[in-house]
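# Coordinates in review
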Amino acid sequence: MSDMKKSVIAIILAICLIALVPLFVLKDAEFGGSDDAGSQVVEQVNASYEPWATPVLEAAIGRELPGEVESLFFCIQTGIGVGVIAFVMGRLVERKKWMKQQK
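A short tour of the structure in this document, coming up. (Residues numbered from 1 in each chain as written. Predicted model: local features only at pLDDT ≥ 70, side-chain atom pairs only at ≥ 80, totals over all residues. Heavy atoms only, no water.)

## Notes on the state of the cysteines
Evaluated as defined, the whole model comprises zero disulfides. Cys-16 forms no disulfide, and the closest cysteine sulfur to it belongs to Cys-75, at a distance of 19 Å. A relative accessible area of 39% places Cys-16 in the partly exposed class. (Disulfide = S-S within 2.5 Å. Buried < 20%, exposed > 50% of the residue type's maximum accessible area, 1.4 Å probe, protein only.)

What follows is the structure, encoded as structure tokens:
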């Protein structure tokens, strides 16, 4: 096996360990998002704080979005972002190939 393959396998293994170890080591921990943490800090600092804006969809339907719908929107946003990044990277790789062919 080449050194490059060994490096890639080691990096993938490290990424998996970083993602999975906390789940097993910290069994009773709550893994919340930054939105939740930020709102908790704001409440601690100023309990009478009133948000000055509401999410557009929540205002349109008159209530909070269910968690599943928020997750769906996040996944769609992620997919679009990954698609754009993959497209740009593909174009850059192809441009390199075209430049080599022209020389």
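## Observations regarding a negative patch on the surface
A contiguous patch of negative charge, built from Asp-35, Asp-36, Glu-64 and Glu-70, is present on the exposed surface. Secondary-structure assignment places Asp-35 in helix α2 (residues 34-45). Classification of Asp-35 by relative accessible area gives exposed; the value is 65%. (Patch = residues over 30% accessible without salt bridge, like charges linked within 9 Å, V, L, I, M, F, W, Y side chains within 5 Å. Areas by Shrake-Rupley, 256 points an atom, 1.4 Å probe, with all protein chains shown as cover. Salt bridge = Lys/Arg side-chain N within 4 Å of Asp/Glu carboxyl O. Lys, Arg positive; Asp, Glu negative; His and termini not counted. Charge placed at Lys NZ, Arg CZ, Asp CG, Glu CD. Helix = DSSP H or I, 4+ residues; strand = E, 2+ residues; numbered from the N terminus.)

## Some remarks on the pattern of salt bridges
Evaluated as defined, the whole model comprises one salt bridge. With a shortest N-O distance of 3.7 Å, Lys-97 and Glu-94 are connected by a salt bridge. Residue Lys-97 and its partner Glu-94 are both found in helix α4 (residues 67-102); the two are separated by three residues, about one turn of the helix.

## Notes on a nonpolar patch on the surface
Where nonpolar side chains cluster on the molecular surface, the patch consists of Leu-13, Leu-17, Leu-20, Val-21, Leu-23, Phe-24, Val-25, Leu-26 and Phe-31 and spans about 910 Å² of accessible area. Structurally, Phe-24 is set in helix α1 (residues 3-25).

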